[in-house]
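Structure at a glance
Listed here are the chains, written in short residue letters.
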Amino acid sequence: MNRWSYVLLRVLQVIPTFFVVMVLVFVIARLLPGDPLTAVLGERATEAMVVRAKHDLGLDKPIAVQFLIFLENFFRGNLGDSINLKIPVTRLILDRMPVTLFLTLYAAVLAALLAIPLAFVAALRKDTWADNLIRGVFQLGLSMPVFYIGLQLLTLLGARLRWFPVGGYGNNFGEHLYYLFLPALTLGFNLAAILMRNLRAAILEVLQAEYVDFARAKGLRPSLILGKHVLRNALISTVTLFGLNIGGLIGGAVITETVFAIPGVGRLMVDSIFGRDYPVIQGLTLTFALLVSLVFILTDILHAQLDPRLETA
Amino acid sequence: MGKLVRFGLVLLALVACFASAAPKRGGTMVYGRYADSLFLDPVLNDANVDIWILLNIYDTLLAPTPDGKSVKPNLATRYSLSRDGKTMTLVLRPGVKFSDGSPLTPQDVKFSLDRAKDPNNGAWNSLIASIDTVNVSGSNSIVLNLKYPDPSLPAALATFNTAILPQKQFMAMPGAKDEDKAKAFAEHPIGTGPFILKEWKKGSSMTLVRNPYYWGKDENGIQLPYLDELRFEIIPDDNTRILKLQSGELDGAEFIPLARVAELKANANLNMALFPSTEVDSVTMNNRPKLNDGTPNPLSNVLVRQALNYATDKEAIIKIVTFGLGKPSRSYMSSATPLFAAQNGYPYNLDKARQLLKQAGYDKGFDLSTMIVSGNADQTAIASALQQMWTPLGIKLRIDQFDSATNRSKYRANDFQMRLSKWTDDIADPSEITSYFAIYKNVESLHSGFQNTQLENLFDQSQRETAYVKRAVLYQQIQKIYWDQAPIIFLYEAPYPVALQKYVKGFIQIPLGNNIFVNTYLEK
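Residues numbered from 1 in each chain as written. Chains lettered and ligands numbered in written order. Predicted model: local features only at pLDDT ≥ 70, side-chain atom pairs only at ≥ 80, totals over all residues. Heavy atoms only, no water.

Now for the overall build of chain A. Helix and strand content of chain A: 14 helices and zero strands. Its C-alpha atoms put chain A at 85 × 60 × 35 Å along the principal axes. Every one of the 313 residues in chain A was classed for burial, and the buried ones make up 49%. Summed over its atoms, the accessible surface of chain A is roughly 15500 Å², and 69% of this surface lies on carbon and sulfur atoms. The average position of the 26 basic charges and that of the 20 acidic charges among the side chains of chain A differ by 7 Å. (Helix = DSSP H or I, 4+ residues; strand = E, 2+ residues; numbered from the N terminus. Buried < 20%, exposed > 50% of the residue type's maximum accessible area, 1.4 Å probe, protein only. Areas by Shrake-Rupley, 256 points an atom, 1.4 Å probe, with all protein chains shown as cover. Lys, Arg positive; Asp, Glu negative; His and termini not counted. Charge placed at Lys NZ, Arg CZ, Asp CG, Glu CD.)

As structure tokens, then:
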């Protein structure tokens, strides 16, 4: 199988997954007790108002009929209007998704920048004080909940020292980098810890491999050995782990966005679930599914790039 | 010479005093809100996040006074009632313009009131159900013909849902139905209020700027509002909202958790304000003989309900939940509601509770359950306190946690035994809270199933009684009956906690909850 048909196959595999997600989220949202109207109309609405509003929104139709309408609209590129916010879901997602994507990517980059060099230091200085310190700090980070790290960073670096703004998003690329530094660090820290531990173990394993001994015996420069032979091979499992955890980052974004007052989709998701805002829940879940699938495909491609045996398998 | 110099100095000092006392015009105020608005339409909105800021954009004919107990002139400079109380004439303020520069006309008022009273429109039309027809009279008057005399009408004309919108601009919006037009209009609302919506990033921030056409002036004749710009930032997390205030990124923040009020009071840069509110917190009891699943319900017995009121240590709950900032309820309505009449009774008394339970045949106690909203710290604290307080009576209280949508749908289906409730008035009149708490036909008395013929008759009378004193007497009787029948457990009233930087002046949140920024200025 050549590289392109491999990619095509992976893309095609996404379609059924996507459809299953679509059906599941549609049904599950409606199985939750309560409905958008009890949430949105508040406690003072009379029964007649609820009935009328349900009819206006088509929520009194059988669920299968509702699904067909949803499907029809979906293929026209229309995800419906938010019941609570009264604006099109596509507009909401387009407004907010870039924020969350920025935050997630930023977090992923920070995590990689932290994890890769430190993993090398820890592995090459195994069992020294440096290794213990690095592992200790990350262990501490792993055992603290995301919102707690976030609040501590905010209190210390934001409110006390005033190095960073307390929450918000900023208005241009430079400001985004500045405003989102603490949230991205918060969000990326757990991932960095996981990556660091994995990469350190992988480097230690690769360092034992015969081809590394061989490279050393050939008299190659240590930097070349580390960069070309050790890192590339040690990264294989770490890349997979990285890809798998990016899905988790989007989950973590929900909490981080709330703590740091960032107007991304994470917070929108929470609000829409509590408000039973079906069209928004559906639209967001589908977008998340699409994004996670995309990351998995990219991971597979990168994985294949690093380990050519996979393509022919 | 010396005298002249001294006189000059005194004069200078006086001038300096006045200069610093006069409100400063200009500047941007950044205010942290716990949640964003949803729908800025006066008639079709459903939530406090809209209601509490609508009146910065739109004006009503009359306006609530700062104490929330009466009304003052607004878009109407005066109103008069006919002798039979069935016709109200309002004279419009001359020269008022909408924020797009177009003049306010009586036709706009007729359009807005007709829209607000349409029974097919929104949740609030019942507040002006007494209006039969709205007629334009001459070039600057409006005549309301009423189906019956309505003592709450002036208050209703000061309530957000009767705000005045420009007819032409509204009708020019796309869409066939009123709701579609309202959706489009609310994206860029046009009103006669002090501010104009400039930008709204839903869920993130909302920017209002000064309406240059605003009619209001302060006592020195200076054009209101003072602020150039008012920006709301949406920060749902309480800690972050407070941190942003402490770091100076916000000029004010609403909904400070009561647990942190003392700490912020001690901060020299902040003014920790506790505005009197109409908030009442209570436990709604299901008064029906049987619960939805068919089990017999001891709470249908008035003696049991009274016993629980005696067995509830309100002072302790006030300490635990409001950190001493609340005060015990003395009626179902708050003491800030007009015609509130303080009731006596239900001091914490376990012996009395025991005696009443014995009389009711429950001296061995019974099982009870209450719903709370999961993750709600206040409700958890109240329910756990009740659980402990009632254990000596043999009452086992089970606490069921549901998320708010589930909680509400169970409430709506009468599927609960007890439930925690928080209420604030929307109108400066006791009729709204009474019709929800005590009158069966609206929402089955907060879905408690409570129904009392004598109370309902008195309420019907009070709804047509325009003589203030007579109406007050009727409300005394209504509150006494409700108190004795105890369909709820009366807990406490709590203030609105708002923290402002010391340099923020002239901001108020009135007891109805409305945030009033028209007189706000920054002294820095």
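To continue, consider the domain arrangement of chain B. Residues and elements named next belong to chain B. Domain assignment breaks chain B into domain 1 (28-213 + 503-522) and domain 2 (277-495). Here domain 1 and domain 2 have C-alpha centroids that lie 32 Å from each other. Facing the 18 residues of domain 1 at the interface are 20 residues of domain 2. Summing both sides of the interface, domain 1 and domain 2 together bury roughly 1600 Å²; the carbon and sulfur share of this comes to 61%. For domain 1, the biggest contributors to the area lost against domain 2 are Lys 69, Pro 151 and Leu 512; these three give 33% of the whole. At the junction of domain 1 and domain 2, the tally comes to zero salt bridges. Viewed at the interface, domain 2 and domain 1 are joined by two residue pairs in polar contact (both at pLDDT 80 or more). At the level of elements, α2 (48-54) and α4 (153-156) are the ones that each hand at least two residues to the side of domain 1 that touches domain 2. (Domains from an automatic or database assignment. Contact = heavy atoms within 4.5 Å. Buried area = accessible area lost by both parts, 1.4 Å probe. Salt bridge = Lys/Arg side-chain N within 4 Å of Asp/Glu carboxyl O. Polar contact = N/O pair within 3.5 Å; in protein donor to acceptor, adjacent residues only side chain to side chain.)

Counting residues in hydrophobic clusters, the biggest one holds 108 residues, and the most contacted among them are Met 29, Leu 40, Leu 61, Leu 144, Leu 153 and Leu 157 of chain B. Looking at this core, the element that brings in the most residues is helix α13 (residues 278-306) of chain A, giving eight residues. Sequence-distant contacts of Leu 157 of chain B, defined by excluding residues within four places in its chain, comprise Thr 60, Leu 61, Leu 62, Met 88, Leu 90, Leu 113, Leu 144 and Thr 162 of chain B. Formed by 63 residues, the second largest nonpolar core is a distinct cluster that contains Leu 386, Leu 397, Leu 455 and Trp 483 of chain B. (Core = buried A, V, L, I, M, F, W, Y, C linked by side-chain atoms within 4.5 Å.)

All names here are of chain A. The end-to-end C-alpha separation of helix α1 (residues 3-31) is 43 Å, in line with the 42 Å expected for 29 residues at 1.5 Å each. Along α1, the positions that sit buried rather than exposed are Tyr 6, Val 7, Arg 10, Val 14, Phe 18, Met 22, Val 25, Phe 26, Ala 29 and Arg 30. In this fold, the buried residues of α1 make contact with α4 (63-75) and α13. (Expected span 1.5 Å × (residues − 1).)

As a further point, take the pattern of salt bridges. Tallying each qualifying case throughout the model produces 29 salt bridges over all chains. The salt bridge involving Asp 127 of chain A is made with Lys 126 of chain A; its shortest N-O contact spans 3.3 Å. Given the relative accessible area of 42%, Lys 126 of chain A is considered partly exposed. The partner of Arg 288 of chain B in a salt bridge is Glu 444 of chain B, with the nearest N and O atoms 2.7 Å apart.

Across the boundary between the two partners, chain A contributes 41 residues, which contact 43 residues of chain B. Summed over both partners, the interface of chain A with chain B buries about 3500 Å², with 51% contributed by carbon and sulfur atoms. Our count for the contact surface shared by chain A and chain B stands at three salt bridges. With a shortest N-O distance of 2.9 Å, Arg 276 of chain A and Asp 403 of chain B are connected by a salt bridge. On inspection of chain A and its partner chain B, the count reaches 11 residue pairs in polar contact (both at pLDDT 80 or more). Counting residues per element, the ones that place at least two in the side of chain A that touches chain B are α2 (36-40), α3 (47-57), α5 (89-124), α7 (146-160), α11 (222-259) and α12 (265-274) of chain A. If you tally residues by element for the side of chain A that touches chain B, the top one is α7 of chain A, at five residues. Looking at the side of chain A that touches chain B, its residues break down into 19 nonpolar, 11 polar and 11 charged. (Nonpolar A, V, L, I, M, F, W, Y, C, P; charged D, E, K, R; others polar.)

The next subject is a nonpolar patch on the surface. There is a patch of nonpolar side chains on the surface, built from Leu 8, Leu 12 and Ile 15 of chain A and spanning about 310 Å² of accessible area. Among the structural elements, Leu 8 of chain A can be located in helix α1. (Patch = residues over 30% accessible without salt bridge, like charges linked within 9 Å, V, L, I, M, F, W, Y side chains within 5 Å.)

All names here are of chain A. In the contact formed by α5 and α11, the axes pass within 9 Å of each other and the chain directions differ by 140 degrees. In terms of their interaxial angle, α5 and α11 are classed as oblique. Handedness of the crossing formed by α5 with α11: right-handed. Facing Thr 100, Leu 103, Thr 104, Ala 107, Ala 108, Ile 116, Phe 120 and Leu 124 of α5, the residues of α11 in contact are Leu 226, Val 230, Leu 231, Phe 242, Ile 246, Leu 249, Ile 250, Ala 253 and Glu 257. Within the contact of α5 with α11, the residues separate by chemical class into 14 nonpolar, two polar and one charged. (Axes fitted to C-alpha atoms, helices over the stretch in contact; angles between N-to-C directions. Parallel < 35°, antiparallel > 145°, perpendicular 65-115°, else oblique. Left-handed = near helix turned anticlockwise from the far one by under 90°.)

What follows is about unusual backbone geometry. Residues and elements named next belong to chain B. Following Leu 224, the chain continues to Pro 225 via a peptide bond in cis, the omega torsion being -10 degrees. Within the element layout of this structure, Pro 225 appears in the loop between β9 (205-210) and β10 (229-234). The phi dihedral of Ser 445 is positive, around 50 degrees, even though this residue is not glycine. Within the secondary structure, Ser 445 sits in helix α15 (residues 440-447). Given the relative accessible area of 1%, Ser 445 is considered buried.

Here we take up the side chain of Ser 247 of chain B. Note that Ser 247 of chain B resides in the loop between α7 (238-246) and β11 (252-253). Ser 247 of chain B sits in the buried class, given a relative accessible area of 9%. Of the polar contacts made by the side chain of Ser 247 of chain B, one reaches the side chain of Glu 249 of chain B; its length is 3.0 Å. Each residue touching Ser 247 of chain B, except ones within four places of it in the same chain, is listed here: Gly 158, Ala 159, Arg 162 and Val 166 of chain A.

Bringing the side chain of Asp 50 of chain B into the picture now. All names here are of chain B. Mapped onto the fold, Asp 50 is located in helix α2. There is no salt bridge for the buried Asp 50, and the closest opposite charge comes from Arg 33, which lies 6.3 Å off by N-O distance. Among all residues touching Asp 50, those that are not within four sequence positions of it are Ser 37, Leu 38, Phe 39, Leu 40 and Asn 45.

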